[in-house]
Amino acid sequence: QVQLVESGGGLVQPGGSLRLSCVHSGINFSIKTMGWYRQAPGSQRDLVAAISGGVTNYDDSVKGRFAISRDIAKNTVYLEMNSLKPEDTGVYYCKMNVLTRLGLTATYWGQGTQVTVSS
C-alpha cells in the first residue's frame, strides 16, 4: 500500500542539471522526514539531502549545488541537482520516515533512479 516512486534520473554531462521527483502514496501516519540517498556500485548508501518540518540538511559534497523541496499538496519531494559532477553518479533513492501512533519510526524506500554524470 505504501509506495515511493522516484523519477527524473538520466545521463547528463558535467555541469548539467537534473530534477528528481519522489511521489509517495498510501501513507496513514505523520511523515517525520523525507530524504534522498545515493549509492554507487560497491559503496554504501549515503545521505544526500533531507527535509523535516521545512528544515533541510545536506551532505557537504552537495551544499550549494543541490536543493531539496516538497509540495505537500502533490505528495511530492524534489531534489534539484545543479553543477553536476562525475562523483555525483549513482542510484538515488527516496527515503521516508513516518511516526506511528505508538511513537515508533517506520522507514520506507523507493526503488531508485539512476543518475550518470559523464562526458
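Bear in mind the structure is a predicted one, so any value in this text is a computation, not a measurement.

Basis of the calculations
- Residues numbered from 1 in each chain as written.
- Predicted model: local features only at pLDDT ≥ 70, side-chain atom pairs only at ≥ 80, totals over all residues.
- Heavy atoms only, no water.
- Phe/Tyr/Trp six-rings, centres within 6.5 Å; stacked < 30°, edge-to-face > 60°.
- Helix = DSSP H or I, 4+ residues; strand = E, 2+ residues; numbered from the N terminus.
- Buried < 20%, exposed > 50% of the residue type's maximum accessible area, 1.4 Å probe, protein only.
- Lys NZ or Arg CZ within 6 Å of the ring centre and 35° of its normal.
- Pairing = 2+ DSSP bridges.
- Axes fitted to C-alpha atoms, helices over the stretch in contact; angles between N-to-C directions.

## Side note on the packing of aromatic side chains
In step 1: Overall, the coordinates contain two aromatic pairs when judged by the stated rule.
In step 2: On the numbers, 5.1 Å between centres and 70° between planes, the contact of Y37 with W109 is edge-to-face. Pair noted here: Y37 is in strand β4 (residues 30–39) and W109 is in strand β10 (residues 105–109), with a separation of 72 residues, a long-range link.
In step 3: Arranged with centres 6.4 Å apart and planes meeting at 85°, the rings of Y93 and W109 form a pair that is edge-to-face. Linking Y93 in strand β9 (residues 90–99) with W109 in strand β10, this pair joins segments that are 16 residues apart in sequence.
In step 4: Taking relative accessible area as the criterion, W109 reaches 34% and is therefore assigned partly exposed.
In step 5: One aromatic cluster in this structure is built from Y37, Y93 and W109.
In step 6: The ring centre of Y93 lies 3.6 Å from the NZ or CZ of R45, which sits over that ring.
In step 7: Looking at R45, its charged tip hangs above the ring of W109, at a distance of 4.6 Å from the centre.

## Some words on the sheet that holds strand β1 (residues 3–7)
In any sheet, the strands associate via hydrogen bonds between backbone groups, in a parallel or an antiparallel arrangement.
In step 1: Here we have four strands laid out as an open sheet, ordered β1-β3-β8-β7, and antiparallel in their pairing. Looking at which strands have only one partner, the edges of the open sheet turn out to be β1 and β7 (66–71). On average, adjacent strands in this sheet sit at an angle of 15° to one another, irrespective of strand direction.
In step 2: In this sheet, strand β8 (residues 76–81) lies alongside strand β3 (residues 18–25) in antiparallel orientation, the contact comprising six bridges. Of the residues in β8, the one forming a bridge with V23 is T76.

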